[in-house]
Amino acid sequence: MTHSDDSGFATRAIHAGFMPDPVTGAVNVPIYASSTFAQDGVGGMRSGYEYARTGNPTRTALEATLAALEGGRFGRAFASGMAATDTALRTLLRPGDHLVIPDDAYGGTFRLIDKVFTHWGITYTPVAVNDPDAVRAAVRENTKAVWIETPTNPLLNIGDIAGIAAITREAGIRLVVDNTFASPYLQQPLALDADVVLHSTTKYIGGHSDVVGGALVTDDEELDAGFAFLQNGAGAVPGPFDAYLTMRGAKTLAVRMDRHCDNAEAVVDLLLGHPAIAQVLYPGLPEHPGHAAAARQMRRFGGMISVRLAGGRDAALDFCSRTKIFTLAESLGGIESLIEHPGAMTHASTAGSALEVPDDLVRLSVGIEDIDDLVADLEQALA
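Computed from a predicted model, the values in this text were never measured in an experiment.

1. Examining the overall build of the protein chain
No. 1: When its secondary structure is counted, the protein chain shows 13 helices and twelve strands.
No. 2: Computed over C-alpha atoms, the radius of gyration of the protein chain comes to 21 Å, within 12% of the 21 Å expected from 2.2 N^0.38 for 383 residues, which places it in the range of a compact globule.
No. 3: Taken along its principal axes, the extent of the C-alpha atoms in the protein chain is 75 × 50 × 35 Å.
No. 4: Taken across its 383 residues, the protein chain has 54% of its residues classed as buried.

This is how it looks when you write it as structure tokens:
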């Protein structure tokens, strides 16, 4: 299925990528645990498969599902979100090129660009994704791409995808949108003129904290060919069991995201006005500076919340240490609720840079547990 299919999102999530097996009737895609495939004579591949790094039927099914979820023509699966990030950057950029990135990007993305790609002759400019004028001003003659997250990780800023796409179209450059925080259920950047959508499928798409993966989705055949070349040539591909787990998780994405959003909204209600909390960062709040853009381009506002503690860094660390249901751990988007201190954990690589996050910041990934239990846990942790 592609973006031309008019089935609803949940239907595509469940049925895209694999039809019941015509021989056995199996309704789930098999795990093709084979590293190589028999050939009918030299160069005579059966059904297009020769070696599992190049292609595997379980992975192919996942890639079709990923494309369908984002309403795109082409999907590529990778061993991690960072492997997908690396592939996109190496496809889009060459030595001497320039990249625009968020000034509060995910720490792993920043680390890769700042510590690896700069040694390859790439320069970058961090800008506020919620400021179109700043994005436009950051574009240079040698800029090849604008790379945004929306919502951003961890400050939950919102970039107007269609507005930024108009800037990149005018400049003749590419727009990449990291859609991990929103998930394809809440937001579909290709429909808003983005060129590439990136996911850490470890997060909401997999959804169960049991598999690591990444994805790139595009409508551009030339870009997809570049992604496919590096996917095979560099080899950062998911194994068939990882592909199966990710595809299994994707089937329940719609119902899980609605529950994540319901719970997050209730948590926000608790945190607003709490004396221990100095600021709640959530795009669903009318006072959030990106609320209007989020309301235009998102179905709902997501399961991620960040807060700044009134007592500063010590209070933030204390908060992280006192929860019982919210588990202190990195990552996000799973069925269980997580809490973390970005400055010391996921975004430690930004310390001392223009992307350094506030040390009083705590990030919550709100899971799908009973909301009364989550609220009670946060109340006792903040007491």
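2. Focus: the domain arrangement of the protein chain
No. 1: Parsing the protein chain into structural domains produces domain 1 (9-248) and domain 2 (253-382).
No. 2: A separation of 25 Å is found between the C-alpha centroids of domain 1 and domain 2.
No. 3: If you look at the interface, domain 1 gives 40 residues, while domain 2 gives 44 residues.
No. 4: On the domain 1 side of the contact with domain 2, Tyr 185, Leu 186 and Tyr 204 bury the most area, a combined 25% of that side's loss.
No. 5: The interface formed by domain 1 and domain 2 includes one salt bridge.

3. As for the environment of Phe 326
No. 1: Mapped onto the elements of the fold, Phe 326 is located in the loop between helix H12 (312-322) and strand E10 (327-328).
No. 2: The class of Phe 326 is buried, set by a relative accessible area of 1%.
No. 3: Separated by 41 residues in sequence, Phe 326 and Gly 367 have C-alpha atoms that sit 8.5 Å apart.

4. Remarks on the pairing of strand E9 (residues 304-309)
No. 1: Most of E9 is tucked away, with five of its six residues classed as buried.
No. 2: Pairing geometry for strand E8 (residues 277-281) and E9, over four bridges, is antiparallel. The residue of E9 that forms the bridge with Ile 277 is Leu 309.
No. 3: Sheet topology note: the E9/strand E12 (residues 361-365) ladder contains five bridges and is antiparallel. By the bridge assignment for E12, Met 304 is matched with Ser 365.

5. Quick notes on the sheet that holds E8
No. 1: Taken together, the five strands give an open sheet; going across it, the order is E8-E9-E12-E11-E10, and neighbouring strands pair in mixed fashion. The strands lining the two open edges of the sheet, one partner per strand, are E8 and E10.
No. 2: The pairing of E10 with strand E11 (residues 338-340) spans two bridges and is parallel. Paired with Leu 328 across the bridge in E11 is Ile 339.
No. 3: Those strands touched by H12 are E9, E10, E11 and E12, and its axis lies near 135 degrees from that of E9.

6. Here we look at the side chain of Glu 63
No. 1: Looking at the element boundaries, Glu 63 is found in helix H2 (residues 57-70).
No. 2: In this structure, Glu 63 is in contact with Gly 75, Arg 76, Ala 77 and Gln 231, ignoring residues within four places of it in sequence.

7. Overview of the environment of Met 304
No. 1: Structurally, Met 304 is set in strand E9.
No. 2: Look at Met 304 and you get buried, because its relative accessible area is 2%.
No. 3: In this structure, the C-alpha to C-alpha distance between Met 304 and Trp 120, residues 184 residues apart in sequence, is 34 Å.
No. 4: Apart from residues no more than four positions distant in its own chain, Met 304 is found in contact with Leu 156, Phe 181, Tyr 204, Tyr 282, Leu 332, Arg 363, Leu 364 and Ser 365.

The rules behind the values
Residues numbered from 1 in each chain as written. Predicted model: local features only at pLDDT ≥ 70, side-chain atom pairs only at ≥ 80, totals over all residues. Heavy atoms only, no water. Helix = DSSP H or I, 4+ residues; strand = E, 2+ residues; numbered from the N terminus. Rg over C-alpha atoms; globule rule 2.2 N^0.38 Å. Buried < 20%, exposed > 50% of the residue type's maximum accessible area, 1.4 Å probe, protein only. Domains from an automatic or database assignment. Contact = heavy atoms within 4.5 Å. Buried area = accessible area lost by both parts, 1.4 Å probe. Salt bridge = Lys/Arg side-chain N within 4 Å of Asp/Glu carboxyl O. Pairing = 2+ DSSP bridges. Axes fitted to C-alpha atoms, helices over the stretch in contact; angles between N-to-C directions.

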